[in-house]
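Chain by chain, the residues:
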Amino acid sequence: VKKRFEQPFSLVVATIDHFQHISESCGDAVARPLLKVVARLIEQSVRGSDFVARCRDNAFAVVMPQTGLEEAEAFCSRLRESARQNTEFDIKLRISAGAFSPEPDENAAQLLSRAEAAAV
């Protein structure tokens, strides 16, 4: 995207902290609704031009066209704060989120791979 349109773009990967533990100790009755809440928080925070997808059991990817790294990092901060303020569950909802911009000559698959590796 960056090369084709000469516009910046960023990728955000957001993961639910301790999701495996929550899933194992609380079961699907909590884990599935938790995923839906996080998806809703992300959907409420993105712009119409952004693209959101679930990329792992506990992770979501957000492609943010025409967004520099600094703006994407600000999005991550807002998302983490929204999760902390969420009161729909008895457990504390924590999200780790990182923003990434493509390196020169890096394709989309490489960028996603790098972002997912950093989110582990």
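Attention in this report is confined to the structure presented alongside it. As the structure is a computational prediction, the values presented were derived from the model and not from experiment. (Residues numbered from 1 in each chain as written. Predicted model: local features only at pLDDT ≥ 70, side-chain atom pairs only at ≥ 80, totals over all residues. Heavy atoms only, no water.)

Within the secondary structure, Leu 112 is located in helix α5 (residues 108-119). The exposure class of Leu 112 is partly exposed, given its relative accessible area of 31%. Measuring from C-alpha to C-alpha, the distance between Leu 112 and Ala 53 comes to 12 Å, with 59 residues separating the pair along the chain. In this structure, Leu 112 is in contact with Leu 11 and Ala 61, ignoring residues within four places of it in sequence. (Helix = DSSP H or I, 4+ residues; strand = E, 2+ residues; numbered from the N terminus. Buried < 20%, exposed > 50% of the residue type's maximum accessible area, 1.4 Å probe, protein only. Contact = heavy atoms within 4.5 Å.)

For the rest of this paragraph, the subject is the nonpolar core. Among the nonpolar cores identified, the biggest contains 26 residues, and Val 12, Ile 42 and Leu 93 are the most heavily contacted of them. Every element with two or more residues in this core is listed here: β1 (9-16), α2 (19-26), α3 (28-45), β3 (59-65), α4 (69-85) and β4 (95-100). Ranked by residues supplied to this core, first place goes to α3 with 7 residues. In this view, Leu 93 contacts Ile 16, Leu 34, Val 37, Val 38, Leu 41, Ala 83, Arg 84 and Asn 86; residues no more than four positions away in its chain are not counted. Formed by 8 residues, the second largest nonpolar core is a distinct cluster that contains Phe 9, Ala 61, Leu 111 and Ala 115. (Core = buried A, V, L, I, M, F, W, Y, C linked by side-chain atoms within 4.5 Å.)

What follows concerns the sheet that holds strand β2 (residues 51-56). What the 4 strands build is an open sheet, ordered β2-β3-β1-β4; its pairing is antiparallel. The open sheet is flanked by β2 and β4, the only strands paired with a single partner. Each strand of the sheet is rotated relative to its neighbour by a mean of 20 degrees, with strand direction disregarded. Alignment of β1 against β3, held across 7 bridges, turns out to be antiparallel. By the bridge assignment for β3, Val 12 is matched with Val 62. (Pairing = 2+ DSSP bridges. Axes fitted to C-alpha atoms, helices over the stretch in contact; angles between N-to-C directions.)

Take the environment of His 18 next. Position of His 18 relative to the elements: it lies in the loop between β1 and α2. Of the residues examined, His 18 reaches a relative accessible area of 63% and is grouped as exposed. In sequence terms His 18 and Leu 79 are 61 residues apart; their C-alpha atoms lie 17 Å from each other.

With that settled, the discussion passes to unusual backbone geometry. Within the chain, His 18 stands out as a residue other than glycine whose phi angle is a positive 60 degrees. In this structure, Asp 105 is a non-glycine residue whose phi angle is positive, near 65 degrees. Checked against the element boundaries, Asp 105 lands in the loop between β4 and α5.

The final tally for this structure, using the stated rule, is 6 salt bridges. Of the charged contacts in the structure, one is a salt bridge between Arg 40 and Glu 88, with a shortest N-O distance of 2.2 Å. You can see Arg 40 sitting in helix α3 and its partner Glu 88 sitting in the loop between α4 and β4, a full 48 residues away along the chain. The class of Arg 40 is partly exposed, set by a relative accessible area of 36%. Of the charged contacts in the structure, one is a salt bridge between Glu 81 and Arg 84, with a shortest N-O distance of 3.1 Å. Placement of the pair is Glu 81 and Arg 84 together in helix α4, with a separation of 3 residues, close to one helical turn. With a relative accessible area of 31%, Glu 81 lands in the partly exposed category. Overall, Arg 84 belongs to the partly exposed group, its relative accessible area being 42%. Each of Glu 103, Glu 106 and Arg 114 takes part in one network of salt bridges that share partners. (Salt bridge = Lys/Arg side-chain N within 4 Å of Asp/Glu carboxyl O.)

Spatial relationships are all this shows, so hold off on functional conclusions.
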